[in-house]
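Reading the structure
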Amino acid sequence: MKKFSRILVANRGEVALRIVRACKEMDIESVAVYSEADRDASYVRLADESVCIGPGPSQQSYLEIPKIISAAEITDVEAIHPGYGFLAENAHFAEVCRSCHIEFIGPSVEAISSLGDKAKARELAESVGVPCVPGSDGVVTEENDALAIAQQIGYPVIIKASAGGGGRGMRIAHNDVSLVNGFHAAAAEAEAAFKNSDIYIEKYIEKPRHVEFQILADTQGTVVHLGERDCSMQRRHQKLIEESPSPGLPFEVREKMGECARKLVKAANYYNAGTVEFLVDHEFNFYFIEVNTRIQVEHPVTEMVTGIDLIREQIRIASGEPLGYTQEDIRFEGAAIECRINAEDPDHDFRPSPGTIKEWIPPGGLGVRLDTHVHAGYTIPPFYDSMVGKLIVYKKNRTEAISTMRRALDEFQIEGIATTIPLYKEVFKHFHFLKGNINTGFLEEYFLG
Ligand code: ADP
């Protein structure tokens with residue numbers, strides 16, 4: 001076992017700050033890398049050292065592997081934390097780290113390759129008896145094969161990119177014509193976005209819930225799940241509100257899903273943190289959709305209900321430490337909800353709203369956590385995603401958590417940019433949301449249609 005003394009954070013924004021904070025608490029020095037657009041960011045100031053890695057556009061900075069590795073070598077770090085997005089699920093980057101003898105804080109290169117490819121992950125899930133959405137056996141390359149599969153499973157179907165992420169490269173088809181069009185469009189979009197045109201086909205489940213399980217696994221083979229997060233509140237397949245536990249999910253279903261999640265990652269010899277995602281239909285049948293081989297944006301809700309610091313655990317696991325606990329030791333308490341505060345205008349089709357934040361008075365009080373890198377006077381660079389923070393509440397039960405979230409949203413004063421807060425204020429009053437009657441079509445049906 002090797003305790004790290006210095007870690008490089010290969011990311012920006014709130015997650016970079018989150019990792020710098022964890023390092024401080026663990027008595028580990030942190031090195032921030034930043035683009036010219038992030039020069040004045042708070043995480044850069046708080047890190048022990050910082051290195052500029054180029055101009056604003058991420059292709060020339062946060063995605064440039066040679067620059068990140070040079071920064072790691074100059075500052076003599078033992079490990080790199082990739083955060084989420086950017087290089088976090090890039091097997092090549094993990095491999096370069098390995099060949100440079102720098103620990104990649106995440107799973108092995110092999111696990112990223114086998115689980116990060118959605119079509120391959122589906123095959124592995126099927127081979128170990130984890131239920132999958134009915135669909136193609138692996139990648140589909142011919143139009144005629146796509147038509148035959150759709151005939152067999154029945155419309156509607158969803159065409160998905162093997163390398164997909166962030167809701168991109170997906171098309172829903174209700175008939176042969178839209179299937180053929182969607183087939184070519186999805187492949188082209190996947191090629192443009194991920195440099196990989198592989199696509200596969202699944203049955204399109206109508207109005208499912210998105211329920212995912214947080215996994216932690218050490219290099220000695222202990223695998224635990226830390227319960228689920230319900231991420232059904234989405235816009236265009238992108239999550240906006242996440243919560244744990246999933247409202248109304250029966251105990252036995254949760255147990256079975258957790259066991260399936262553990263079984264799947266064990267089969268991939270997985271270690272570090274990961275998430276196994278499922279869709280759940282209205283009869284509580286569940287189907288595996290994908291594994292995210294990294295820490296996720298919504299990890300704080302799991303931290304609140306389990307009391308486990310996930311970034312700290314990632315760092316411990318990467319240093320070779322055993323988890324030190326088993327599934328029986330994990331306790332779940334209370335309810336947590338997270339809202340992603342995006343600099344987007346919900347009144348104008350969520351168009352991005354970059355600019356300078358003139359006023360920023362965050363909420364506080366019992367049960368409120370805010371993970372953010374921004375402050376009054378901060379200018380949101382135009383190059384990156386639009387999330388400016390995550391507002392998380394934690395209370396004894398869902399009803400109390402909702403009251404706290406309403407109060408916190410009301411308190412939050414932001415001037416100078418538009419945000420998604422006005423939408424959330426409405427959602428947290430909505431009859432069906434209060435009842436826990438949610439699904440992935442909820443926001444479109446009641447608010448965005
Ligand atoms: P990404 O990696 O791009 O986020 P996912 O496979 O995780 O893609 O799916 C994202 C979202 O797309 C899901 O949460 C769900 O809303 C929708 N989705 C994906 N597959 C299906 C399916 N077979 N049926 C219905 N909706 C789906």
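This report concerns the structure included in the present document. (Residues numbered from 1 in each chain as written. Predicted model: local features only at pLDDT ≥ 70, side-chain atom pairs only at ≥ 80, totals over all residues. Heavy atoms only, no water.)

On to the sheet that holds strand S3 (residues 49-52). Taken in spatial order, the 5 strands make up an open sheet running S3-S2-S1-S4-S5, and their pairing is parallel. Only two strands of the sheet have a single partner each, and these edge strands are S3 and strand S5 (103-104). Where strand S4 (residues 79-81) and S5 come together, 2 bridges link them in parallel fashion. Bridging across to S5, isoleucine 80 finds its partner in phenylalanine 104. Sitting on the sheet, helix H1 (residues 13-25) touches strand S1 (6-9), strand S2 (29-34) and S4, and the angle it makes with S1 is about 175°. Sitting on the sheet, helix H3 (residues 65-75) touches S1, S2, S3 and S4, and the angle it makes with S1 is about 155°. (Pairing = 2+ DSSP bridges. Helix = DSSP H or I, 4+ residues; strand = E, 2+ residues; numbered from the N terminus. Contact = heavy atoms within 4.5 Å. Axes fitted to C-alpha atoms, helices over the stretch in contact; angles between N-to-C directions.)

By secondary structure assignment, the location of glycine 365 is in the loop between strand S18 (359-361) and strand S19 (368-371). When the C-alpha positions of glycine 365 and valine 393 are compared, they lie 9.9 Å apart, and in sequence the two are 28 residues distant.

Ranked by size, the top nonpolar core spans 61 residues in total, and within it Leu8, Tyr43, Ile68, Ile80, Phe93, Leu216 and Ile315 carry the most contacts. A total of 7 residues in this core trace back to one element, the largest contributor, which is H1. Each of domain 1 (6-105) and domain 3 (209-448) contributes no fewer than three residues to this core. The contact partners of phenylalanine 93, leaving out residues within four places of it in the chain, are Ile65, Ile68, Ile69, Ile80, Leu87 and Phe104. Ranked by size, the runner-up nonpolar core spans 34 residues in total, among them Leu240, Ile337, Ile402 and Phe433. (Core = buried A, V, L, I, M, F, W, Y, C linked by side-chain atoms within 4.5 Å. Buried < 20%, exposed > 50% of the residue type's maximum accessible area, 1.4 Å probe, protein only. Domains from an automatic or database assignment.)

Now for the layout of surface pockets. When its volume is computed, the second largest pocket comes out at roughly 230 Å³. Surrounding the second largest pocket, 15 residues form its lining, Arg98, Ile102, Glu103, Phe104 and Tyr271 being those nearest its centre. When residues of the lining of the second largest pocket are traced back to their parent elements, those giving at least two are helix H4 (91-99), S5 and helix H11 (310-318). Partitioning the lining of the second largest pocket into residue classes produces 8 nonpolar, 5 polar and 2 charged. In this structure, the lining of the second largest pocket is formed jointly by two domains, domain 1 (6-105) and domain 3 (209-448), each of which donates at least three residues. (1 Å grid on protein atoms, 1.4 Å probe; cavity = no way out; pocket = protein on both sides within 12 Å on 5 of 7 lines; lining within 4 Å. Points joined across faces, edges and corners; volume = space filled by probe spheres on them. Nonpolar A, V, L, I, M, F, W, Y, C, P; charged D, E, K, R; others polar.)

Let's shift gears to the site of the ligand. Taken together, 22 residues form the shell around the ligand, and within it Gly167, His210, Gln234, Glu277 and Glu290 come nearest. Here a nitrogen atom of the ligand and a side-chain polar atom of glutamate 202 are 2.8 Å apart. Considered class by class, the residues forming the shell around the ligand number 7 nonpolar, 8 polar and 7 charged. In this structure, the shell around the ligand is formed jointly by two domains, domain 2 (134-203) and domain 3 (209-448), each of which donates at least three residues. (Near = heavy atom within 4 Å. Polar contact = N/O pair within 3.5 Å; in protein donor to acceptor, adjacent residues only side chain to side chain.)

When their charged atoms lie close together, side chains carrying opposite charge are able to pair. Under the counting rule described, the total for this entry stands at 34 salt bridges. With a closest N to O distance of 3.2 Å, lysine 160 and glutamate 202 form a salt bridge. With lysine 160 in strand S6 (residues 157-161) and glutamate 202 in strand S8 (residues 199-203), the pair connects residues that are 42 residues apart, well separated along the chain. A relative accessible area of 7% places lysine 160 in the buried class. Looking at glutamate 202, the relative accessible area reads 1%, which means it is buried. In this structure, the salt-bridge partner of arginine 316 is glutamate 321, at a minimum N-O distance of 2.8 Å. (Salt bridge = Lys/Arg side-chain N within 4 Å of Asp/Glu carboxyl O.)

Another point: helix H10 (residues 299-306). Burial of H10 is extensive: 7 of the 8 residues sit out of reach of the surface. Here H10 has its buried residues at His299, Pro300, Val301, Thr302, Glu303, Val305 and Thr306. Looking one or two residues past H10, glycine 307 carries a phi angle of roughly 75°, positive in sign.

All told, the structure shown has 2 cavities of 30 Å³ or more when counted by the stated rule. Volume-wise, the largest cavity comes out at about 60 Å³. Around the largest cavity, the lining residues are Arg12, His373, Tyr378, Ile380, Pro381, Tyr384, Asp385, Ser386, Met387 and Val388. Here the residues of the lining of the largest cavity are counted per class, giving 6 nonpolar, 2 polar and 2 charged. If you trace the second largest cavity, you find 13 residues lining it, with Ile105, Gly106, Thr293, Arg294 and Gln314 closest to the centre. Residues that form the lining of the second largest cavity fall into these classes: 7 nonpolar, 5 polar and 1 charged. Residue contributions to the lining of the second largest cavity reach at least three from each of two domains, namely domain 1 (6-105) and domain 3 (209-448).

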